[in-house]
Amino acid sequence: MQFKFDDINLDTDRFKLTRSGKAVRTEPQVMELLIFLIENRGRMVSRVELNDSIWNGRVVSDSALSSRIKIARQVLGDNGRKQRYIRTIHKKGFTFTSEVDVHETVGLDSTFNNDSTVSDQVSDPISADRKPSIAVITFNNLGSDPEKQFISDGITEDIITALSKISKLTIIVYPSSSREEETIADKISIAQKHDIDYLLEGSVRSEGEKLRISARLIEVASAHHRWAQRYDRKNGDIFELQDNITKEVVSALQVELTEGDQALLASRGTENIKAWQLTYEALVLVLAHRQDTVRRGIELLEEATTLDKGYVLAWNTLATGHQKEFMNEGWSRSRQQSLACSVKCSDKALSIDPQNARSLATRSLITISQGNFYDAFDFANKALGFANSDANTIAIAGITLRYCCKPEMSINYTQKAMRLCPIYPAWYPYGVAICHWMLGEMDEAFTNIEEAIRIDPGLSINYLVLVLLYTETAQLQKAKECIEKVYQADPGFSAAALIESLPFGDPKIEKRRADLLRKAGMLG
């Protein structure tokens, strides 16, 4: 069957789409979505129908569906503002609105299949590169002390960081499920739905000075072990074990390392086990985003950087901690002093390793706080150049792009981070929601912020976005209700401090935000 509309031809038999006679490379899931919408043109297709048809009844996040709709629009040369072909019906579903000519396919035509006459146009450059993908599942903590969870988390994070440096691999973060009954078959099933090639999972048992790490690499297609190993060492041998696991995985996949990959793998953070332990314990505290945990995290990181003055991750996390104190009113005695400390720690991290992607991304955000958008964009661009498949680094750079008023770029990179981290944190869709608000795409903004609230209903800034959306759409009573939720989640919240901490580079966007918050009663 062939569907033709405007300059577009979609051939369901060949599973191929062309625009103006040129083939547009399209992900299979996006192609299935387009076919289903076109076949049901002229009526509203609900989200439930799409789940049943495209995802075989598996309920996917609104953000994941919005991502596929956005790519489908890009493939057709459409966008969320024009909605020329795919119209969003808020909270209900989607409608394909264009008139379509339908033709039966009469057989494969040699001219159509001649690669010399059809040139590919990549509609989604982020997903076009197909490299072997590995989902790294957080290693289980089998020790008797639950407070040592940071050890298994730290080992997992270091393995992810090392593998992410390899340019010929795509590394996907797949945290352990909270469901204890989840079997390896469940994990393989989820991996198949996300088009993941391999799973790397393992366990850590730390008792006194003894350390046992088990790891295995599973090929998703066959469900067979590609590699498995168990290591019995002392706690002080953690770094050697991490190196061994990384090298064994690379060898099992027969990946040829470039000179650049080898150089990056050789650049380990620290040899001081105590500094390593303090840093990963502090990382959890800083990312918890509460005044007391951030302050405790800073104290641990100050000790870690004393033990190893050359540990980049410790300095960079310390910079993040001080920046969080700057961004939140009342979290420190002097917000400006906290910003100065953040800059100082960031300088130290970058002086040790100027090409560290996470440090560059962190510095891009700090530079936004300083109001220097040109340099902030430059730092974010460099971070993305070194990030490979590091989801959080890509998402942090996406924040900077947002405040540099590049919302389309920010959405693209944040959605890439979502693909690399299928179980993503709330601040991913939160950022996408703000970008859609910037673009005036209110339906998409509502969809993404509702997804963020489902992930983390206690995050105050989620409700701040709803304040903006409800105020702009003249729903002031709902905006007032969301203001109450902001202060319930964070009694010390200050809209003025947020605006000072993360200003928009475009004065028009900044004025729009301030006017809406003022109208809602959150600014004087």
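Fair warning: this is a prediction, and the values are worked out from it, not measured in the lab.

(A) Structural view of the sheet that holds strand E6 (residues 86-89). With respect to topology, three strands assemble into an open sheet ordered E5-E7-E6, the strand pairing being antiparallel. Looking at which strands have only one partner, the edges of the open sheet turn out to be strand E5 (45-46) and E6. Inspection of the sheet shows E5 paired to strand E7 (residues 93-96) by two bridges, in the antiparallel sense. Looking across to E7, one finds that Val45 is bridged to Phe94.

(B) The pairing of E6, seen in detail. Residues Ile86 and Thr88 point to one face of E6 and are all buried, whereas Arg87 and Ile89, pointing to the other face, are not buried. Bridging between E6 and E7 involves four bridges; their strand directions are antiparallel. Bridged to Arg87 within E7 is Thr95. Here E6 folds back onto E7, and the loop between the two strands holds three residues, one of which, Lys91, carries a positive phi near 70°.

(C) Focus on unusual backbone geometry. Of note, Asp6 is a non-glycine position whose phi angle comes to about 50°, a positive value. Topologically, Asp6 is positioned in the loop between strand E1 (2-5) and strand E2 (8-11). Overall, the relative accessible area of 53% leaves Asp6 in the exposed class. Even without being glycine, Ala474 reaches a positive phi, approximately 60°.

(D) A look at the confidence of the model for the chain. Of all residues in the chain, 87% have pLDDT values of 70 or greater, and the mean over the chain is 83. Counted against residues more than four places away or in other chains, residues 106-129, with its pLDDT under 50, gives 36 contacts.

(E) Looking closely at the side chain of Ser501. By the secondary structure assignment, Ser501 is in helix H21 (residues 495-501). One polar contact links Ser501 to Arg335, side chain to side chain, over a distance of 3.0 Å. In contact with Ser501, other than residues within four places in its own chain, are Phe326, Met327, Arg335, Ile368 and Ser369.

(F) Representation of the environment of Thr414 in the model. The residue Thr414 is located in helix H16 (residues 407-420) in this model. Sequence separation between Thr414 and Ala395 is 19 residues, and the spatial gap between their C-alpha atoms is 5.0 Å. Those residues within four positions of Thr414 in sequence are excluded, and the remaining contacts are Gly398, Tyr428 and Val432.

(G) Molecular detail of the packing of aromatic side chains. Tallying each qualifying case throughout the model produces ten aromatic pairs. Judged by centre distance (5.3 Å) and plane angle (80°), the rings of Phe5 and Phe96 are edge-to-face. Highlighted residues: Phe5 in strand E1 and Phe96 in strand E7, separated in sequence by 91 residues. Here Phe5 falls in the buried class, since its relative accessible area comes to 2%. Pairing Tyr403 with Phe504 gives two aromatic rings, centres 4.8 Å apart and planes at 35°, and the pair type is tilted.

(H) Inspection of helix H11 (residues 312-327) at higher detail. Along its 16 residues, H11 runs 23 Å from first to last C-alpha, staying within 8% of the 22 Å computed at 1.5 Å per residue. Taken across its 16 residues, H11 has 14 buried, putting it largely inside the fold.

(I) Geometry of the nonpolar core. Counting residues in each nonpolar core, the largest one holds 54 residues, and the members touching the most others are Ile134, Leu163, Leu200, Leu217, Trp227, Ile245 and Val249. Setting aside anything within four residues of it in sequence, one finds Leu163 in contact with Val136, Leu169, Ile171, Leu200, Thr246, Val249 and Val250.

(J) Up close: the environment of Lys210. Note on placement: Lys210 falls in strand E14 (residues 210-219). Note on Lys210: relative accessible area 66%, which makes it exposed. With 22 residues separating them in the primary sequence, Lys210 and Asp232 have C-alpha atoms 7.5 Å apart. In contact with Lys210, not counting residues within four places along its chain, are Arg205, Arg233 and Asn235.

Rules and cut-offs
Counting starts from 1 at the beginning of each chain's written sequence and moves along it residue by residue. Local features are withheld for residues below a pLDDT of 70 in this predicted model, meaning they are given only at 70 or higher, and side-chain atom pairs are given and counted only at 80 or more; totals for whole chains, interfaces and linings count all residues. Hydrogens and waters are ignored; side-chain quantities use all the structure's heavy atoms. Strand pairing follows a simple DSSP-based rule, namely that at least 2 bridges must link the two strands. The secondary structure listing takes helices from DSSP runs of H or I that are at least 4 residues long and strands from runs of E that are at least 2 residues long, numbered from the N terminus. Working definition: with a 1.4 Å probe on protein chains only, accessible area under 20% of the residue-type maximum means buried, over 50% means exposed, and in between means partly exposed. The quantity known as pLDDT measures the predictor's confidence residue by residue, on a range of 0 to 100. The contact criterion used is simple: two residues touch if any of their non-hydrogen atoms lie within 4.5 Å. Any pair of N or O atoms that falls within 3.5 Å is considered a polar contact. Within protein, one atom must be able to donate a hydrogen and the other to accept it, and sequence-neighbouring residues count only if both atoms are side-chain atoms. Any two of the Phe, Tyr and Trp rings considered here, Trp counted by its six-membered ring, make a pair once their centres fall within 6.5 Å; the pair's planes then place it as stacked at under 30 degrees, edge-to-face at over 60, or tilted in between. Take the residue count of a helix, subtract one, and multiply by 1.5 Å to get its expected span. Among buried residues, the Ala, Val, Leu, Ile, Met, Phe, Trp, Tyr and Cys ones that are joined through side-chain atoms within 4.5 Å form a nonpolar core.

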